[in-house]
Amino acid sequence: MRNRILVVDDDEKITSMLRRSLTFEGYDVVTANHGADGLQKLLSDEPDVMILDVMMPQLDGWEVCRRIREGGSEIPILMLTAKDEISSRVKGLDLGADDYLVKPFALEELLARVRALLRRKIESAEQKTNRVQFEDIMLDMDTREVIRNGKRVELTTKEFDLLHLFLHNPRRVLSRDVIMERIWGYDYSGESNVLEVYIAMLRQKTEEHGGKRLIQTVRGAGYVMKGD
């Protein structure tokens, strides 16, 4: 399942640009052009992250953020504003926003902040349930069980740790060096192709019952867990 981003901004150029860019990055995008519409779409579309403009007529971003938090929603909120004063940033954060970006902004920075908010959300959910899931594969840290499409997948300790690393970093390309450091440690001096062997075994086991390939090779860069 693709992450869904809700963009709330009364500037149609901004919403159009973000819709195109976020869709290209693999997200489902919902847009709203005023605060009340944003609140309604938060309830109906169940987004994973909200990008919220501050300066909107009638119901501004600060009021929208306040109502969201008073309503009990923990959706990650990235606020956009043309104001760069510290007091404005503090006000948004005090109302419950998770991050703050000043217009005009670099698209690459916005995308990086969205990815960071999604990772934080996944980590928070995992801490609460000790489970992590991506598409149809679920890993339970308490029982050390892996379930895919309702069927249990038997993994060795290293295979489990490797899958956990990928599930913890969905859609993020992990270099060979990063994976080796996280799973085998700095001082590993064994076979040089150990990672490739474990990737092959992990793919075989998780795809055994017809599951599509989720662990993709990024030539020259490493590996990434992603769906379609």
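Everything quoted here is computed from the prediction, not taken from an experiment. (Residues numbered from 1 in each chain as written. Predicted model: local features only at pLDDT ≥ 70, side-chain atom pairs only at ≥ 80, totals over all residues. Heavy atoms only, no water.)

Caption draft 1: Spatial organisation of the UniProt feature "modified residue: 4-aspartylphosphate" (unreviewed entry) in the protein chain. The sites that UniProt annotates as "modified residue: 4-aspartylphosphate" (unreviewed entry) are Asp 53. Mapping Asp 53 onto the fold places it in strand β3 (residues 49–53). If we ignore the near neighbours within four places in the chain, the residues touching Asp 53 are Val 8, Asp 9, Asp 10, Gly 61, Leu 80, Thr 81 and Lys 103. (UniProt positions renumbered as here; feature names shortened; annotations may be inferred. Helix = DSSP H or I, 4+ residues; strand = E, 2+ residues; numbered from the N terminus. Contact = heavy atoms within 4.5 Å.)

Caption draft 2: Highlighting helix α3 (residues 61–70). Residues of α3 that are buried: Gly 61, Trp 62, Val 64, Cys 65 and Ile 68. Down the axis of α3, the buried set is contained in an arc of 160°. They therefore lie on one face. Turning to α3, the residues buried within the fold contact α2 (35–45), β3, β4 (77–81) and α4 (86–94). At the C-terminal side of α3, Gly 72 shows a positive phi close to 95°. (Buried < 20%, exposed > 50% of the residue type's maximum accessible area, 1.4 Å probe, protein only. Arc of directions from axis to C-beta.)

Caption draft 3: Here's a closer look at the nonpolar core. Core analysis: the biggest nonpolar cluster contains 27 residues, and Leu 162, Leu 163, Phe 166 and Ile 179 have the highest contact counts within it. When residues of this core are traced back to their parent elements, those giving at least two are β6 (131–134), β7 (137–140), α6 (157–168), α7 (176–183), α8 (194–206) and β11 (222–225). Top element by residues in this core is α6. It accounts for six residues. Core analysis: the second largest hydrophobic core is formed by 20 residues, Val 8, Ala 32, Cys 65 and Ile 75 among them. (Core = buried A, V, L, I, M, F, W, Y, C linked by side-chain atoms within 4.5 Å.)

Caption draft 4: Seen up close, the sheet that holds β4. Reading across the sheet, the five strands line up as β2-β1-β3-β4-β5 and stay open at both edges, with parallel pairing between neighbours. Edge positions in the sheet fall to β2 (28–32) and β5 (99–102), since each of these pairs with one other strand and no more. Direction aside, the axes of adjacent strands within the sheet are offset by 20° on average. Relative to β3, strand β1 (residues 4–8) is paired through four bridges, and the arrangement is parallel. Bridge pairing in β3 places Val 8 opposite Leu 52. Running over the sheet, α2 touches β1, β2 and β3 and is turned about 145° from β2. (Pairing = 2+ DSSP bridges. Axes fitted to C-alpha atoms, helices over the stretch in contact; angles between N-to-C directions.)

Caption draft 5: Representation of the side chain of Thr 31. Within the secondary structure, Thr 31 sits in strand β2. The exposure class assigned to Thr 31 is buried, which follows from its relative accessible area of 16%. For Thr 31, the side chain forms a polar contact with the side chain of Arg 19, separated by 2.9 Å. Beyond its immediate sequence surroundings of up to four residues, Thr 31 is in contact with Leu 6, Val 7, Thr 15, Arg 19, Asp 37 and Lys 41. (Polar contact = N/O pair within 3.5 Å; in protein donor to acceptor, adjacent residues only side chain to side chain.)

Caption draft 6: Structural view of the packing of α2 against α3. Contact geometry of α2 with α3 gives a least axis separation of 10 Å together with a crossing angle of 25°. Judged by the inter-axis angle, α2 sits roughly parallel to α3. Considering how the two elements wind past one another, α2 and α3 form a crossing that is right-handed. Across the interface between the two elements, Gly 35, Leu 39 and Leu 42 of α2 pack against Val 64, Arg 67 and Ile 68 of α3. A per-class count over the contact of α2 with α3 returns four nonpolar, one polar and one charged. (Parallel < 35°, antiparallel > 145°, perpendicular 65-115°, else oblique. Left-handed = near helix turned anticlockwise from the far one by under 90°. Nonpolar A, V, L, I, M, F, W, Y, C, P; charged D, E, K, R; others polar.)

Caption draft 7: The domain arrangement of the protein chain, seen in detail. Segmentation of the protein chain into domains returns domain 1 (4–126) and domain 2 (131–225). Computed from C-alpha coordinates alone, the two centres of domain 1 and domain 2 are separated by 32 Å. On the side of domain 2, seven residues touch domain 1, which itself brings five residues to the contact. Both sides together, the interface formed by domain 1 and domain 2 hides about 560 Å², and carbon and sulfur atoms give 54% of it. Applying the counting criterion to the domain 1 and domain 2 interface returns zero salt bridges. Here domain 1 is connected to domain 2 by zero residue pairs in polar contact (both at pLDDT 80 or more). (Domains from an automatic or database assignment. Buried area = accessible area lost by both parts, 1.4 Å probe. Salt bridge = Lys/Arg side-chain N within 4 Å of Asp/Glu carboxyl O.)

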